[in-house]
Amino acid sequence: MAGASCDDVFVIVLFSTFTGMAQGGSAGLKDFASIPVSIILGTGLGAFTGFILGLFFEEAHKRGHSIRNSVKIIVILGAAFLLVSLETRLKNRIPLSGLLAVVSTAAVHKMKSRDFVSKRLSEKFGKLWLAAEVILFVLVGAAVDIRYTAEAGGGAVALIFTVLVFRSLGVLVCLLGTALNRRERLFCLIAYLPKATVQAAIGSVPLSLGLPCGKTVLSVAVLAILITAPLGAWGMDATYKRLLTRRENTGEKNNPGERDNVFYQE
């Protein structure tokens, strides 16, 4: 899950960079050099923000000023919106990934918080996502023109499956040297097939910017959702009992990196 989240963020960073290149009509060495710089600055700024937020909440608790979780949600969301808007304000001056900064903020804040606090915040953000997810996909559906999706044709479908092949090879390479067995690695490969949220969020951006490729990009994004989402969901449901084993809870904690000797087939 951590890998999938980082993967989405890096995709968005690259998408933003190439969209800027498309708007400018050219791509130079400076444009490509800005990609790692935006990643490093975004991660650093997010880590600093998460550390400050965690320190603020902790100090408030020590002084007897209890902050409700709903208030913490508002503060964290405010910081996230500020980071994203900061990327826009610094555009063409300092390359900065606002979305990567948001992810980094959440990761560092969780490290600074107690387990029960981060769990409660995660549950509240999960409830917010229930509504946000519906709004996101409704807006994407409203922007889609079925005629252009149909016109994308077999070439778009072939492109999607070709990308899935390279994506699967990348997953297998990333799993080299891990403690996962062959069946678990195969399940990871299947779990990485579905793509939906990021495509829904950014697929319509080129069209809204007035780029000539906007309708094509949106059509391919919708096709990717329609193909990969059910494919991955069906694949995981059909294979998890065969490929995965659930670790039996013996009540004892293992040493870091040590695998349980007792498993049972789910």
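Everything below is about the structure shown above.
Residues numbered from 1 in each chain as written. Predicted model: local features only at pLDDT ≥ 70, side-chain atom pairs only at ≥ 80, totals over all residues. Heavy atoms only, no water.

**Student:** How would you summarise the packing of helix α7 (residues 182-191) against helix α10 (residues 214-243) if you had to cite specific residues and measurements?
**Tutor:** Helix-helix packing is described using two parameters, namely the angle between the two axes and the distance between the axes. Two elements in contact, α7 and α10, have axes separated by 9 Å at closest approach and are oriented at 165°. Comparing their axes, α10 and α7 come out roughly antiparallel. Here α7 runs over α10; the crossing is left-handed. Residue-level inspection shows R183, E184, L186, F187, I190 and A191 of α7 in contact with α10, the latter providing G232, G235, M236, T239, Y240, R242 and L243. (Axes fitted to C-alpha atoms, helices over the stretch in contact; angles between N-to-C directions. Helix = DSSP H or I, 4+ residues; strand = E, 2+ residues; numbered from the N terminus. Parallel < 35°, antiparallel > 145°, perpendicular 65-115°, else oblique. Left-handed = near helix turned anticlockwise from the far one by under 90°. Contact = heavy atoms within 4.5 Å.)

**Student:** Tell me about helix α3 (residues 69-89), and please be specific about residues and values.
**Tutor:** Taking 1.5 Å per residue, 21 residues should reach 30 Å; α3 reaches 30 Å between its end C-alpha atoms and fits that length. Three or more residues of α3 are buried, namely N69, K72, I73, I76, A79, A80 and L83. Here the buried residues of α3 occupy an arc of 130° about the axis, which is enough to place them on one side. Residues of α3 that are exposed and point more than 90 degrees away from the buried face comprise I74, F81, L82, T88 and R89. (Expected span 1.5 Å × (residues − 1). Buried < 20%, exposed > 50% of the residue type's maximum accessible area, 1.4 Å probe, protein only. Arc of directions from axis to C-beta.)

**Student:** Explain a nonpolar patch on the surface to me, using residue names and the numbers behind them.
**Tutor:** A surface patch of nonpolar side chains, amounting to about 360 Å² of accessible area, comprises F48, F51, I52 and L55. Here I52 is to be found in helix α2 (residues 29-62). (Patch = residues over 30% accessible without salt bridge, like charges linked within 9 Å, V, L, I, M, F, W, Y side chains within 5 Å. Areas by Shrake-Rupley, 256 points an atom, 1.4 Å probe, with all protein chains shown as cover. Salt bridge = Lys/Arg side-chain N within 4 Å of Asp/Glu carboxyl O.)

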